[in-house]
Amino acid sequence: MNSTEIQLARTEARARRGKSIPRPPLVLTRVLLAVPIFVLVAIFLAWPLLNVLLRSLSPTGVASYGSPSFDLGNYGAIFSDTVLRNIVIHTFVVAAWATAITTLLAFPVAYLLSRLSRRLATVILALIMIPFWISILIRLFAFTQLLGREGVVNSAAEALHLGGPYSLLFNTTAVVIGMVAYLLPYMILILYGGMSGIDPTLTTAAKTLGASGRQAFRTIYMPLVRPALIAGVLLIFVLSLGFFLTPAILGGATDTTIPIYIQQQVEVFQWGKASATGILLLAITVVGFAFALRLNGTGLLGGRPTGKGMAGREPLRFSPSTALLWVATGLVLVVLLLPLVVIVPTSFETTQSLTWPPRGFTMHWYGDVLSDEIWTTAILKSFLVALGTAILSTAIALVLARTIAAMRQGLVRAVVEGLVFAPLVVPVILLAVGIYDVETRLNLIGTNGGLIFAHTMIAFPLAYIVLSGALANVDPALEQAAWTLGASRARTFWTVVIPNILSSLFGALVISFVTSWDEVVIALFQTSIQKTLPVTIFSDLKSGVQPSVAAIATLLVAVVVLAVAVGFVISGRRHRGARATAAA
Amino acid sequence: MELAQASSPAALEARGIRHEFAGASALDDVSLRVPRGQFCTLLGPSGSGKTTLLRIFAGLLSPTAGQVLIDDTDVTDTPVQERGIGFVFQSYALFPHLSVAQNIEYPLRLRRVDKARRRRQVADMLKLIGLEGYGDRRPGELSGGQQQRVAVGRALVFEPEVLLLDEPLGALDRRLRQQLGVQLRRIQKETGTTAIYVTHDQEEAFLLSDVVVVMNEGRVRQAGTQAELYANPADLFVAGFLGDTNLLHGKVKGQARDLVTLEVCGTSVDCRSLSTFSAGAEAACSIRPEDVYALPVGSDGPRPDDWVPFGSGTVEESMFLGSRARLSLQVRGKRLLAETKSDAGVEVGTAVTVGWRRDAPVLLAHSHG
C-alpha cells in the first residue's frame, strides 16, 4: 500500500460519503415479511380453533358467524350423557395409569443418567432418543407384532412354558404399554434436566450432619428435584389425554378416548358434543402446560436437558441399589428399542399372516410395495407434501426467529414467542378437525397445498426452536462488523448470517420434513381418496395387518435413519430435542 | 472539548451529542474534535459512555441529539455502511466461516475491487499485521492475539479515514496487550489513519495515545496529552482515575494569581490552579505519591531545592515495588502515599518529616466528584 493510493481511495470515499441512497425502512421490510405469516397462522391455526369453539357453543354444532349462538348444552352433555361421561372418565384413568408407570420407570433411569460419567450418559441418552426419530405409527405397528397372540411376547412365554397365550393386544393394557413407551423419553429428559443440576455433595453434606441415606434423599434430594418432577408429571398427563393413534391401533372396541370420540363424531358430522369435548381437552392441556412451564422454565419446549451436569462430577459407585437402577434402565431400553428391532425380520416373512418367529425369507413384500400403485402414489404424495412443508416451515421459522430476535426483551416479545409455540400445545386431534373444517370451507381439502399448510402449522415451531437457537449463537457483532465494512443489511444477511447457520438451516428442513412425512392425524382428515403414506399404513393397520406394512415400515425407518445420518454429518449438532415435541 | 485549534482539519467531530437509553441519559452533551492522523483514546470506567460514543461515531447507534462529522461532512444520518470507517470489535467479530484472507478480502469484494488488486492488498495487509502465511487459516485456528491483528487488518484494508477500536486488547493477557498495543500504534502511524480507541485501562491509554479523553457518567471530563492530564487533572475524578494520588480536602484561604492557598489539617498548602476560587469555598488538591518525600527525622535526606514541609509522621506500611518502594504515612491525622528508593532504608515505624516540591499540589474543582 503506498500513500498516494491511500490518499486516492480516501478522496473517492469522501466523495461517496454523505450521498445516501434512499431505501425502504427496516421496519417496513420486517412488516412485509411478517404479514403473510400472520395471515397463514390466522387461517390455518386461529380460525380452525375459533370454528371449533363456535361449534361447541351451538346446539346444532354449526359454526355460524352471522348469528353466533351461545349455548352451553354441549358442555353439560359431557357430564350428563352417560356414554360421553364414561369416555371422559376412561381417558383420564388411562392417562393416570400411563403417567404413573412412566414416572416410576423414568425416575431411576434419569437418576442413574445424572450420576454417570458424561460420556456414558450421552450414549444411553442417544439410545433413549432413537424412538423420537421413528414414526409413531411404525412403533405402534411394532407393538402389534410384539403383543399379538402369535407375537414375540407370547411366543417367548410359550417357549419358556410360562402358559398363555395371553391377550395383550387390543385392550387397555396394550394402550397403556404403548403410551408408556411413547412418553418415557420425554419424562427421562425432563427429570434428567432437573437432576443433572443437583450437586451430589449436598446429600453428602447432609450425611456428615447425621442424616441417614434415606433421610438425606427425602429431605435434601427430593425437594430439589420436585419442580422437575411435578412439571414432568403434568406434561406427561396432558400429553396422555391427547393420544389418538395409540388407543386407535392398540386399543379394543371399548377403548374409546376423547380424541377417538372426536374423530368418530366429526366423521359423521356430529360436531356439537365433539367440539365441546375438544375445547375441554384444550383447556386442560393449556393449564397443564402453563403450570409445567412455570415450574420448569421454557427448557421443556426445547426438550433439552437444562442441567449443568454438576451431578455427573461424582460418579456413582456400584452397589446393590445401583444395580436396581441399571435393571430399570435396561428394562426401559428394551421397551423402547425392542419394537424397532422386531419390524425388520417381519418384513421378510413368507406367510400372509404375521407370525413370530417369521417363517421363511422373501423379498416379495418389498417388491409388492414398490410396484403397487397404492403405495407408490402414497409415497410420492407424502414426499411432495413433506418437501413443501419443510421449505415453508423453515422459511417461516427463519423470518420469525429473525424478527423475534430483533425485538426488545419484555412482555410483547414473551407473548409473541409464546404464540409461536402454541401449535405444539394444542392437541393434534383438535387441530386436525379444526383445519379439516376450515379447509372444507376454502375448498382446499384433499389438495397437496392444503395439507402442506396444515402440516406447516405443527412443523414451523420445531424449525423455529432449531433456528432461534442457532441465530442466538451468531454474535451480533458479526453483522455489525459486516456493516462497518460496507455490506448492506441484505448482503450481510446472505453472506454472514446464513453461512453461519447453514447447518441448523438444514436441521430445520430435516425436522419439518420428517414431521410431515410421519404425520397421520391431520392427514387422516385431509385425504379421503389420495392418501399419504402414513394414512395408508394406518388404514392397513386398522383393517388387518399385512406383511407389506412391515416392508414399508422398514423402508420408512431406513429413510429416517438416512435423513438423520445425513443431518448429523452435515450439521454435526443434535436437534433431537426439538423433535421431542412432535405430535403424538 | 478542543484537542487542537479549530482551524486544523478534523477527521472526526462530535457536536453536542446526547444519547438516551430507555429514558436514562448515556451521553450528555459530548463535543469532541479529533485531528487527522491522531491516535485518540476514550478512557473511562465501564458505564462512562465511551463505547456508546464510539458506536455513535460508527453509525451503529443513532444519537438522540447532536451531530457527527467525518471530514467536515455531516454523517449523522448516513447509514453505517456508507460512513467508510473501520471498526475493531472487542470480540473481533471475525467471520468464522471465512479464512483469514477471505475475512480481510471481504470489504474489498464489497467495493468491487478487481481480483488482482484484491489479492495484492490482502497480501500487503497480511504482511503489515505480521501474519504472512496465515491467510488460509480459519479464525478459530488462531490465537487471541493473532485474531486481534486480523480484525485490525480487516478494518484497515479498505483504507478508511477513521479507525474505531472498542477495547480490542481487553481479552488478552497483560504482556501481549503491551506488545500488540505497540504494534497497533506502528500500523496506525504507517497508514496515517485517525484512530479512536476505547479502553478502561489507563496504562494502555498512556502507552498508545496522542491524546486522551477521560469520560465519566456520559460526559467528557478532560482531554489532553497524557502528561497534561497526569500533571494537571481538572477534577477529582480525573485525578483519581489516572494513577494513584493523595487528595487533601480543605477550605480556600486566598488566591494570588494562579496560586491558591488551601487550609488543610490546620496548616496551609499552596496549590496551582487555573481557575479562580472565592475564599471560604470547599476545595481539594491532588499530590502524586512520587512527589511526596518522607525523610527520616534528623536526616537531611535527598530532597529537592523547592521543598515545602507538611508535617511529621510515621511510616505505617511499606510495599516493595522493585527499584522503588511505596510508603503509607500517617501525618496530621491523614494517610498519605509516598514513594522512595527501595534502598533508602525507610522502615515501617520510622518517624519521618513529610513534604513535597512546591509545584506538586494541584487544586481540583470540588464539585466534580
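Residues numbered from 1 in each chain as written. Chains lettered and ligands numbered in written order. Predicted model: local features only at pLDDT ≥ 70, side-chain atom pairs only at ≥ 80, totals over all residues. Heavy atoms only, no water.

## Notes on the overall build of chain B
- Secondary structure summary: chain B contains eight helices and 20 strands in total.
- On the principal axes, the C-alpha backbone points of chain B span a range of 80 × 45 × 35 Å.
- Looking at chain B residue by residue over its 369 residues, the buried ones come to 53%.
- Just so you have it, chain B exposes about 16100 Å², and 47% of that area is on carbon and sulfur atoms. (Helix = DSSP H or I, 4+ residues; strand = E, 2+ residues; numbered from the N terminus. Buried < 20%, exposed > 50% of the residue type's maximum accessible area, 1.4 Å probe, protein only. Areas by Shrake-Rupley, 256 points an atom, 1.4 Å probe, with all protein chains shown as cover.)

## Digging into helix α23 (residues 502-518) of chain A
- When the terminal C-alpha atoms of α23 of chain A are compared, their 24 Å separation across 17 residues agrees well with the 24 Å that a helix rising 1.5 Å per residue should span.
- The buried fraction of α23 of chain A amounts to 14 of the 17 residues, a majority that puts the element mostly inside the structure. (Expected span 1.5 Å × (residues − 1).)

## Considerations on unusual backbone geometry
Residue and element names in this part refer to chain B.
- The backbone phi angle of E159 is positive, close to 50°, even though this residue is not glycine.
- Structurally, E159 is set in the loop between α4 (144-156) and β7 (162-166).
- What makes E159 buried here is its relative accessible area of 5%.
- A positive phi is found at C265, a non-glycine position, where the angle reads about 50°.
- In this structure, C265 sits in the loop between β12 (259-264) and β13 (267-272).

## Structural notes on the packing of helix α2 (residues 26-56) of chain A against helix α19 (residues 428-441) of chain A
Residue and element names in this part refer to chain A.
- Their axes nearest at 8 Å, the elements α2 and α19 cross at an angle of 100°. When the axis of α2 is compared with that of α19, the two are roughly perpendicular. Between α2 and α19, the residues in contact are I43, F44, L45, W47, P48, L49, N51, V52 and R55 and L430, L431, V433, G434, I435, D437, V438, E439 and R441, respectively. (Axes fitted to C-alpha atoms, helices over the stretch in contact; angles between N-to-C directions. Parallel < 35°, antiparallel > 145°, perpendicular 65-115°, else oblique. Contact = heavy atoms within 4.5 Å.)

## Here we look at the interface of chain B and chain A
- Taken residue by residue, the interface counts 38 residues in chain B and 32 residues in chain A.
- Summed over both partners, the interface of chain B with chain A comes to about 3200 Å²; 54% of that surface belongs to carbon and sulfur atoms.
- Considering only the side of chain B, the residues that lose the most area to chain A are Q81, E82 and E159 of chain B, jointly responsible for 21% of the buried surface there.
- Our count for the chain B to chain A interface comes out at zero salt bridges.
- At the junction of chain B with chain A, the criterion picks out seven residue pairs in polar contact (both at pLDDT 80 or more).
- Elements with a minimum of two residues in the side of chain B that touches chain A: β6 (85-88), α2 (100-110), α3 (115-128) and α4 of chain B.
- Broken down by class, the residue content of the side of chain B that touches chain A amounts to 19 nonpolar, eight polar and eleven charged. (Buried area = accessible area lost by both parts, 1.4 Å probe. Salt bridge = Lys/Arg side-chain N within 4 Å of Asp/Glu carboxyl O. Polar contact = N/O pair within 3.5 Å; in protein donor to acceptor, adjacent residues only side chain to side chain. Nonpolar A, V, L, I, M, F, W, Y, C, P; charged D, E, K, R; others polar.)

## Here we look at the packing of aromatic side chains
- Counted by the stated rule, this structure contains 19 aromatic pairs over all chains.
- Where F92 of chain A meets F237 of chain A, the ring centres are 5.9 Å apart and the plane angle is 55°; that geometry is what we call tilted. With F92 of chain A in helix α4 (residues 82-115) and F237 of chain A in helix α10 (residues 213-241), the pair connects residues that are 145 residues apart, well separated along the chain.
- It is R288 of chain B that lies over the ring of Y230 of chain B; its NZ or CZ is 3.9 Å from the centre. (Phe/Tyr/Trp six-rings, centres within 6.5 Å; stacked < 30°, edge-to-face > 60°. Lys NZ or Arg CZ within 6 Å of the ring centre and 35° of its normal.)

## Brief notes about the sheet that holds strand β2 (residues 24-35) of chain B
All names here are of chain B.
- Taking strand neighbours across the sheet as the criterion, the four strands line up as β2-β1-β4-β5 in an open arrangement whose pairing is antiparallel. Pairing within the sheet leaves two strands with one partner each, and these edge strands are β2 and β5 (73-74).
- Where strand β1 (residues 10-21) lies against strand β4 (residues 65-70), five bridges are found, and the strand directions are antiparallel. Its bridge partner lying in β4, R15 is registered against Q67.
- Those strands touched by helix α1 (residues 50-58) are β1, β2 and β4, and its axis lies near 60° from that of β2. (Pairing = 2+ DSSP bridges.)

## So, the confidence of the model for chain B
Residues and elements named next belong to chain B.
- Taken as a whole, chain B shows an average pLDDT of 88; of its residues, 97% reach a score of 70 or greater.
- Per-element confidence in chain B is highest for strand β3 (residues 39-43), whose mean pLDDT is 96, and lowest for strand β11 (residues 246-256), whose mean pLDDT is 87.
- Both scores are given for the predicted complex: the pTM is 0.80, the ipTM 0.81. (pLDDT = per-residue confidence, 0-100.)

## Brief notes about the pairing of β4 of chain B
Residues and elements named next belong to chain B.
- Pairing geometry for β4 and β5, over two bridges, is antiparallel. By the bridge assignment for β5, I70 is matched with T73.
- Between β4 and β5, which pair antiparallel and follow one another directly, the connecting turn spans two residues, one of which, D71, has a positive phi of 55°.

## Side note on the side chain of R55 of chain B
- Residue placement: R55 of chain B occurs in helix α1.
- Of the side chains bearing the opposite charge, D166 of chain B lies closest to the buried R55 of chain B, which forms no salt bridge; the N-O distance is 4.6 Å.
- A polar contact is formed between the side chain of R55 of chain B and the side chain of Q480 of chain A, at a distance of 3.1 Å.
- In this structure R55 of chain B touches Q480 of chain A together with L60, L61 and F89 of chain B, once residues within four positions along its chain are discounted. (Lys, Arg positive; Asp, Glu negative; His and termini not counted.)

## Here we look at the pattern of salt bridges
Residue and element names in this part refer to chain B.
- A complete count under the given rule lists 23 salt bridges over all chains for this structure.
- Residue R36 is joined to E161 by a salt bridge in which the shortest nitrogen-to-oxygen separation is 3.7 Å. A residue pair is termed long-range when its members are at least 10 positions apart, and R36 in the loop between β2 and β3 and E161 in the loop between α4 and β7 qualify at 125 residues.
- A salt bridge links R109 to E105; its shortest N-O distance comes to 3.7 Å. With R109 and E105 both in helix α2 and four residues apart, this pair spans about one turn of that helix.
- Bridged by salt links that share partners, the residues D244, R324, R326 and E339 form one connected network.

## Digging into the packing of α4 of chain A against helix α8 (residues 172-195) of chain A
All names here are of chain A.
- Direction vectors running N to C along α4 and α8 enclose 40°, while the axes themselves pass 6 Å from each other. By the angle between their directions, the pair α4 and α8 is classed as oblique. When the axes of α4 and α8 are compared, the crossing they make is right-handed.
- Considering only residue class, the contact of α4 with α8 consists of 23 nonpolar, five polar and no charged. (Left-handed = near helix turned anticlockwise from the far one by under 90°.)

## Some words on the domain arrangement of chain A
Residues and elements named next belong to chain A.
- Considered domain by domain, chain A is made up of domain 1 (22-62 + 363-545) and domain 2 (82-334).
- The centre of domain 1, based on its C-alpha atoms, is set 27 Å off from the matching centre of domain 2.
- Of the residues lining the interface, 28 residues belong to domain 1; the matching set on domain 2 comes to 29 residues.
- Carbon and sulfur atoms make up 83% of the surface buried where domain 1 meets domain 2, a total of about 2600 Å² over both sides.
- Sorting the residues of domain 1 by area buried against domain 2 places V425, I429 and L541 first, and these three jointly supply 20% of that buried surface.
- Here domain 1 and domain 2 share zero salt bridges between them.
- Scanning the region where domain 1 abuts domain 2 turns up zero residue pairs in polar contact (both at pLDDT 80 or more). (Domains from an automatic or database assignment.)

## Focus: the nonpolar core
- Grouped together as the largest cluster of nonpolar side chains are 238 residues, with contacts concentrated most on L113 of chain A together with L164 and I196 of chain B.
- For this core, the element with the most residues is α8 of chain A, which contributes 16 residues.
- Two domains share this core, each providing at least three of its residues, namely domain 1 (22-62 + 363-545) and domain 2 (82-334) of chain A.
- Non-local contacts of L164 of chain B, meaning those with residues more than four positions away in its chain, are made with L12, L54, F57, A58, I85, G86, F87, V88 and I196 of chain B.
- Membership of the second largest hydrophobic core comes to 26 residues, among which are A294, F310, V331 and W356 of chain B. (Core = buried A, V, L, I, M, F, W, Y, C linked by side-chain atoms within 4.5 Å.)

## Overview of the sheet that holds β7 of chain B
Residues and elements named next belong to chain B.
- Pairing is mixed in the open sheet, where six strands are placed in the order β6-β7-β8-β3-β9-β10. Of all strands in the sheet, those with a lone pairing partner are β6 and β10 (219-224), marking the two edges. Ignoring strand direction, the axes of neighbouring strands in this sheet form an average angle of 20°.
- By the bridge criterion, five bridges tie strand β9 (residues 211-216) to β10 in an arrangement that is antiparallel. When the bridges of β10 are listed, V212 appears paired with G224.
- Each of β6 and β7 touches α4; the most contacted strand, β6, lies at about 170° to it.

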